[in-house]
Amino acid sequence: MKKVIHLIPFDGIGGVESAARTMAGLVSYDINFEILYIFRKQNRRVNYISSLSILRIFTSLYKLYIAKPDLIIVSLWRSCIVAILFKLLRPKSKIVLFLHYPHHYHLIDKALTTIVSLMCISIWADSKDTLNSRIPSFPLSKSHVISFVARRLKPLQNRNLKPNFIFWGRLHEQKSISRAIEIFADIQSQYQQATYTIIGPDGGELSHLQKQVKELGIEYAVNFTGPQDLKSIKEFSNNASFYLQTSRLEGMAMSVVEAMQLGLLPVVTPVGEIKNYCEHLKNSILVTENKSAVSSVIRLIENKYLYEEMKNKAIEKWKDYEIYSESVLRASRIVLNLSN
């Protein structure tokens with residue numbers, strides 16, 4: 001049996017970590033899969049300094065050395081530091097670079113990712129967009145797109161069409177939630193009963209968003225719930241009809257996929273891989289300009305049959321789709337030369 005270790009910086013609640021956790025407890029006849037976190041918790045205030053802790057880095061390096069994995073999967077730039085050191089220590093070790101965003105975050109990310117790309121045996125990505133954008137020179141024959149459909153979700157049942165919206169994810173500037181609130185405010189001005197439930201931990205934007213909501217006079221219509229588990233997200237979603245997300249940057253956008261599976265119609269910006277699976281006025285509303293997006297949403301609120309048709313197409317998009325754990329195991333077996 002081969003040992004595969006997925007190296008991740010933090011035990012957080014982002015898309016990378018959430019998808020990885022679906023591998024926990026997975027039983028495979030040929031692969032023993034483990035997750036190794038460099039840091040147990042992510043504290044936003046000391047995040048950058050703590051990420052360069054020599055003690056944490058060398059502790060993770062020691063754990064890898066003792067574990068002697070047959071394959072190391074490396075996600076996010078902080079993990080690249082450990083991977084580079086381990087490769088220097090054990091030159092014959094097999095490393096996979098796992099990319100999750102279509103753009104580098106900063107120069108350190110670019111530098112470390114480029115170095116690991118020269119050391120790795122394969123590159124994985126959460127989407128074709130990410131794969132083509134980050135390391136375009138890497139051979140496609142040694143690359144794999146990993147499904148970021150984390151799990152199969154059943155559509156929510158017996159829900160009436162309402163002008164209610166929901167979002168879940170980190171409250172970070174990348175998500176551009178302020179724009180989503182602007183769109184919601186325009187809709188809410190015509191439907192006083194409309195609501196927008198915003199789920200997720202503060203990534204630096206919460207106070208700004210709360211101030212924006214207050215200035216718009218819609219505090220009673222917008223609910224910031226903080227982070228919630230999947231069960232609670234489903235419960236909140238029972239009262240919603242639309243998933244509203246206006247990100248500036250995304251990879252696969254796992255939350256959008258989850259929303260579609262649950263039967264929430266996406267109102268989203270066509271960034272990252274979203275533009276390849278969300279089709280405007282077919283299974284979603286693509287936001288390119290706020291005014292036209294608002295008009296499209298209002299049209300659906302007033303046309304139940306058209307809404308149902310588009311919602312069903314959103315659900316159908318992910319029916320019988322390969323999920324994350326299946327995709328990771330398949331790609332691992334290819335890299336390790338194991339027969340399926």
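Analysis parameters
- Residues numbered from 1 in each chain as written.
- Predicted model: local features only at pLDDT ≥ 70, side-chain atom pairs only at ≥ 80, totals over all residues.
- Heavy atoms only, no water.
- Helix = DSSP H or I, 4+ residues; strand = E, 2+ residues; numbered from the N terminus.
- Expected span 1.5 Å × (residues − 1).
- Buried < 20%, exposed > 50% of the residue type's maximum accessible area, 1.4 Å probe, protein only.
- Arc of directions from axis to C-beta.
- Right-handed = clockwise from strand over helix to strand, strands pointing away.
- Phe/Tyr/Trp six-rings, centres within 6.5 Å; stacked < 30°, edge-to-face > 60°.
- Axes fitted to C-alpha atoms, helices over the stretch in contact; angles between N-to-C directions.
- Parallel < 35°, antiparallel > 145°, perpendicular 65-115°, else oblique.
- Left-handed = near helix turned anticlockwise from the far one by under 90°.
- Contact = heavy atoms within 4.5 Å.
- Nonpolar A, V, L, I, M, F, W, Y, C, P; charged D, E, K, R; others polar.
- Pairing = 2+ DSSP bridges.

S.K.: How should helix α3 (residues 54-67) be read in this particular structure?
M.R.: Residue pairs spaced three or four apart in an α-helix point in one direction, given the helix's 3.6 residues per turn. Its 14 residues give α3 an end-to-end C-alpha distance of 20 Å, which sits within 8% of 20 Å, the value for a rise of 1.5 Å per residue. Those residues of α3 not exposed but buried are Ile57, Ser60, Leu61 and Leu64. Down the axis of α3, the buried set is contained in an arc of 100°. They therefore lie on one face. Exposed and oriented more than 90 degrees from the buried face of α3 are Leu55 and Tyr62. Phi turns positive one or two residues past the end of α3, at lysine 68, with a value near 50°.

S.K.: Is there a simple way to explain the pairing of strand β4 (residues 95-99) in this structure?
M.R.: For a regular strand, side-chain orientation follows a simple rule: the groups alternate between the two sheet faces. A large share of β4 lies buried, amounting to five of its five residues. Residues Ile95, Leu97 and Leu99 of β4 are buried on one face, and the alternating residues Val96 and Phe98, pointing to the opposite face, are buried as well. In this fold, the crossover linking strand β3 (residues 71-75) to β4 by way of helix α4 (residues 77-89) has right-handed handedness. Following the chain from β4 across helix α5 (residues 107-119) to the adjacent parallel strand β5 (residues 122-125), one finds a crossover that is right-handed.

S.K.: I tried to follow the packing of aromatic side chains on my own but got confused; where do I start?
M.R.: Two aromatic rings, taken as a pair, are described by how far apart their centres are and by the angle between their planes. By the definition in use, this model includes 13 aromatic pairs. Between phenylalanine 148 and tyrosine 324, the aromatic rings sit 5.3 Å apart at their centres with planes inclined by 80°, giving edge-to-face as the arrangement. Taken as a pair, phenylalanine 148 in the loop between β6 (143-145) and β7 (164-168) and tyrosine 324 in helix α14 (residues 324-335) lie far apart in primary sequence, 176 residues in all. The burial state of phenylalanine 148 is the same as that of tyrosine 324; both residues are buried. Seen from their ring centres, tryptophan 318 and tyrosine 321 are 4.9 Å apart, and the 80° between their planes marks the pair as edge-to-face. When its relative accessible area of 4% is taken as the criterion, tryptophan 318 is described as buried. An aromatic cluster is built from Phe165, Phe184, Tyr196, Phe242 and Tyr307, whose rings are joined through pairwise contacts.

S.K.: Any chance you could explain unusual backbone geometry here in plain terms?
M.R.: Leaving glycine out, the prevailing phi sign among residues is negative, and the prevailing peptide bond configuration is trans. Unusually for a residue other than glycine, leucine 76 sits at a positive phi of about 75°. As for its position among the elements, leucine 76 is in the loop between β3 and α4. Located in the positive-phi region is asparagine 158, a residue other than glycine, with phi close to 55°. Take asparagine 158: it is sitting in the loop between β6 and β7. Accessibility expressed as a relative area gives 80% for asparagine 158, which makes it exposed.

S.K.: Would you explain the packing of helix α7 (residues 177-188) against helix α12 (residues 290-301) in this entry?
M.R.: The relative placement of two packed helices is expressed as an angle between their axes plus a distance between the axes. Running from N to C, α7 and α12 point in directions that differ by 50°, and their axes come no closer than 10 Å. It follows that α7 is oblique to α12 by the angle criterion. Here α7 runs over α12; the crossing is right-handed. Across the interface between the two elements, Arg179, Glu182, Ile183, Asp186 and Ile187 of α7 pack against Asn290, Val294, Val297 and Ile301 of α12. Looking at side-chain class alone, the contact of α7 with α12 contains five nonpolar, one polar and three charged residues.

S.K.: When you look at the sheet that holds strand β11 (residues 265-268) in this model, what are you seeing that I'm missing?
M.R.: In a beta sheet, neighbouring strands are held together by backbone hydrogen bonds and run either parallel or antiparallel to one another. Overall, parallel pairing links the six strands, which are arranged β9-β8-β7-β10-β11-β12 in an open sheet. Looking at the sheet topology across the chains shown, the edges are occupied by β9 (222-226) and β12 (285-286). Two elements, β11 and β12, share two bridges in a ladder whose sense is parallel. By the bridge assignment, valine 267 is partnered in β12 with isoleucine 285. Docked against the sheet, helix α9 (residues 230-237) engages β7, β8 (195-199) and β9, running at close to 165° with respect to β7.

S.K.: Which parts of the structure should I look at to understand the environment of isoleucine 181?
M.R.: Inspection of the secondary structure assignment puts isoleucine 181 in helix α7. By relative accessible area, isoleucine 181 is classed as buried at 0%. Considering only alpha carbons, one finds isoleucine 181 and leucine 244, 63 residues apart in sequence, at a separation of 9.0 Å. Once residues within four sequence positions are removed from consideration, isoleucine 181 is found in contact with Tyr196, Ile198, Leu209, Gln212, Val213, Leu216, Ile218 and Phe224.

S.K.: Which parts of the structure should I look at to understand the environment of isoleucine 199?
M.R.: Here isoleucine 199 shows up in strand β8. When the C-alpha atoms of isoleucine 199 and serine 75 are compared, they prove to be 25 Å apart, with 124 residues separating the residues in sequence. In contact with isoleucine 199, other than residues within four places in its own chain, are Ile166, Phe167, Trp168, Gly169, Leu171, Thr225, Gly226, Gln228, Ile233 and Phe236.

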